[in-house]
Amino acid sequence: MDKTITELHEELKNNHVTSQALVDEAIKKSHEVQEKCNAFVTILDDAKGSDVTDDLLSGIPFGIKDNYSTKGILSTGSSNTLKDYVPFFTATAIENLMSHGCIPVNKTCMDEFGMGGTGTTAHTGVQKNPWDPTRMTAGSSSGSAAAVAAGVYPFATASDSGDSIRKPAAYCGIVGYKPTYGMISRYGLFAYVSSLDTCGVMTRSVTDAAIVVDAMKGIDPKDMTSWDSSDIHLYQDLTKEVSGKKLFYIKEIVDKNHYTNLPRETEEHLDNFMKTIDIVRSLGIEVDEVSIDQDILNAIASTYVVLGCAEATSNMSNLTGFSFGPRGEGNSFQEIMKDHRTKGFSSLIKRRFVIGSYVLQTVNQERYFKNAQRARRLIVDTIKEQFKKYDGLIMPVGTGVAPKLDNTDRVTDDELTPLEEHLQIGNFGGFPSITIPNGFINNLPVGINITGNCYDDQNVLNIAYALESKMNYKNQIAKEVK
Amino acid sequence: MEFNESTIDKLADLLMIGLTPEENKMILDEFAIIDKNIDKINNIKGIENIKPMTHCLDDFKCELREDIAENSPSIDDLLANCKKVDGREVEVPKVVE
């Protein structure tokens, strides 16, 4: 299970291993990782191997984030409100994947309904980073990140509304790819922020990410925001020929001199980023430093919080406990519903609902919700203006390595917020965006992110593919730091 | 409408969720930060003249599908996750007295 999809396919085709043996190994490893990282809501102990065909994914086990509906398999979104919910249909993205012959072996934990970036709010407990179990994985795709990094299988599905694929990928030393909004159908994905939610994947190589998203994508009559990508062949068209491409990074976020009190670890992270930029330049790619209005950068995090709270409030109103979910107690339907929602949602979720409800009130809409939507356009237009000159934006992911779960090393500094949260730009614009590992600080992985214009997924993957080939972090398995 | 403890409880009631005093305070504290940060948006020059963005893709076209009848999920499937069922229906307490 420490191999890539193409390597496993070769072994299967040459009868060096059977699909059942791979499935059995993934299940055994799932139990080991569950013990150490608490990565799974469900482990499918009775999963069976499949026929091996010429399809690269045939016979290969994988994981599914628990906010994808899976027919006949518990799908909780890591929430007590759905702790016993078993869907009667499967999400289109998962149906598409499974039509290629790959086999789900577990459902992975996540921050409740995707609302969190720490991997600490699942109803089944906290996910721990396989590199160092005292540290977080980040979220919301916490279980998928831990499982892929620990070598349970070569890939797991994930979803991304703020940075839920791309930040956990960095903290766990793997690849996280969020395609252009709508490339993969959201039908059957539990809605959180519908205007930002994007299906995607976590792998240990860019090639594997291309193979898996090729299999997940496609227009779907059940998702009106999906679009026809039949002329895009991510794996087939992967190339390291990227000389002549142009990238930019944002000066106000990356320049160390911009900060008055930079933590040492963040300084090393930014130094490491600049070393990676030298490697990018050695590929023949031009990289420029571009200045973006600080007011616009400062607006990113607030825009996300307001939009996220508002859309989540609306999306979760169907969770009543009547037709599905645990039934609440009480004498009236109001009492029963309130009991279900009070006991079912964590404090974090309740917080977001109340704030979302407030910003959506008619008297408050202009100040909060509408202005957040206006700021979203301003941020997106600013980046799109740069995409007229550049093939993509290249940036460091977060402020450094995975923080300690006990928050003892957590840095909260307004100055660092744009560095911590800039990946949300990718969701505001629906941009394709990929994180790949680019080194270590104190023996813990850090990541770099490449984001391009809408529909330009191939370009983004090609640049990541070429860069990955010049570094030594492809297909790495987590080695616990002692 | 001022955002205070009483407002939070009223909103929570409308949302059909109960809050502990600790949760109420947590929301109050978090909102104070959001309220301060929202000014970072509201102070952007000319923000009021920008058209609110509701969808990622500029060229997105909302196209109506053909009106083709499809099989609906079976009643049994739909009720499989329901805790209280009466025949083909979800059982709920009496709503109209």
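Here the structure is shown first, and the text comes after it.
Fair warning: this is a prediction, and the values are worked out from it, not measured in the lab. (Residues numbered from 1 in each chain as written. Chains lettered and ligands numbered in written order. Predicted model: local features only at pLDDT ≥ 70, side-chain atom pairs only at ≥ 80, totals over all residues.)

Enquirer: Account for the packing of helix 9 (residues 294-315) of chain A against helix 12 (residues 362-387) of chain A, with residues named and values stated.
Expert: Geometry of a packed helix pair, given as the angle between the helix axes and the separation of the axes. Residues and elements named next belong to chain A. In contact at an axis separation of 9 Å, helix 9 and helix 12 are set at 130 degrees when each is read in the N-to-C sense. Taken together, the axes of helix 9 and helix 12 lie oblique to each other. With respect to the hand of their crossing, helix 9 and helix 12 are arranged in left-handed fashion. Seen from helix 9, the contacting residues are Ile296, Ala299, Ile300, Thr303, Val306, Leu307 and Ala310; seen from helix 12, they are Tyr368, Phe369, Ala372, Ala375, Arg376, Leu378, Ile379 and Thr382. (Axes fitted to C-alpha atoms, helices over the stretch in contact; angles between N-to-C directions. Helix = DSSP H or I, 4+ residues; strand = E, 2+ residues; numbered from the N terminus. Parallel < 35°, antiparallel > 145°, perpendicular 65-115°, else oblique. Left-handed = near helix turned anticlockwise from the far one by under 90°. Contact = placed C-beta atoms within 7 Å.)

Enquirer: Explain the interface of chain A and chain B to me, using residue names and the numbers behind them.
Expert: Taken together, the 55 residues of chain A in the interface contact 45 residues of chain B. At the level of elements, helix 9, helix 10 (333-344), helix 11 (347-360) and helix 12 of chain A are the ones that each hand at least two residues to the side of chain A that touches chain B. Looking at which element gives the most residues to the side of chain A that touches chain B, the answer is helix 12 of chain A, with 13 residues. A class-by-class count of the residues in the side of chain A that touches chain B yields 28 nonpolar, 16 polar and 11 charged. (Nonpolar A, V, L, I, M, F, W, Y, C, P; charged D, E, K, R; others polar.)

Enquirer: I'd like to hear about the nonpolar core, residue by residue, with values.
Expert: For soluble globular proteins, nonpolar side chains are generally found buried alongside one another. Residues and elements named next belong to chain A. By size, the foremost hydrophobic cluster in this structure holds 153 residues, and its most contacted members are Met202, Val306, Ile379 and Ala464. Top contributing element to this core by residue count: helix 9, with 12 residues. In contact with Ala464, not counting residues within four places along its chain, are Val206, Ile434, Ile436 and Ile450. (Core = buried A, V, L, I, M, F, W, Y, C linked by C-beta atoms within 7 Å. Buried ≥ 20, exposed ≤ 12 C-beta atoms within 10 Å, placed from the backbone.)

Enquirer: Residues and numbers for helix 1 (residues 5-14) of chain B, please.
Expert: Within the sequence span of helix 1 of chain B, burial applies to Ile8(B), Leu11(B) and Ala12(B). Along helix 1 of chain B, the residues classed as buried sweep out an arc of 100 degrees about the axis, all on the same side. In helix 1 of chain B, the exposed residues that point more than 90 degrees away from the buried face are Ser6(B) and Leu14(B). Where helix 1 of chain B is buried, its residues touch helix 11 of chain A together with helix 2 (21-42) of chain B. (Arc of directions from axis to C-beta.)

Enquirer: Outline helix 9 of chain A, supporting the account with residue identities and numerical values.
Expert: End to end, helix 9 of chain A covers 32 Å across 22 residues, agreeing with the expected 32 Å (1.5 Å per residue, within 8%). For helix 9 of chain A, the tally of buried residues reaches 18 of 22 residues, placing the bulk of the element in the interior. (Expected span 1.5 Å × (residues − 1).)

Enquirer: Give me the packing of helix 12 of chain A against helix 2 of chain B: which residues, what numbers.
Expert: Interhelical geometry of helix 12 of chain A versus helix 2 of chain B gives an angle of 45 degrees and a closest axis separation of 10 Å. As judged from the angle between their axes, helix 12 of chain A and helix 2 of chain B are oblique. Crossing geometry of helix 12 of chain A relative to helix 2 of chain B is assigned as left-handed. Contact with helix 12 of chain A, carried on its side by Arg367(A), Tyr368(A), Asn371(A), Ala372(A) and Ala375(A), involves Ile38(B), Ile41(B) and Asn42(B) of helix 2 of chain B and no other residues of that element. Looking at the contact of helix 12 of chain A with helix 2 of chain B, its residues break down into five nonpolar, two polar and one charged.

Just distances and angles here, no functional claims.
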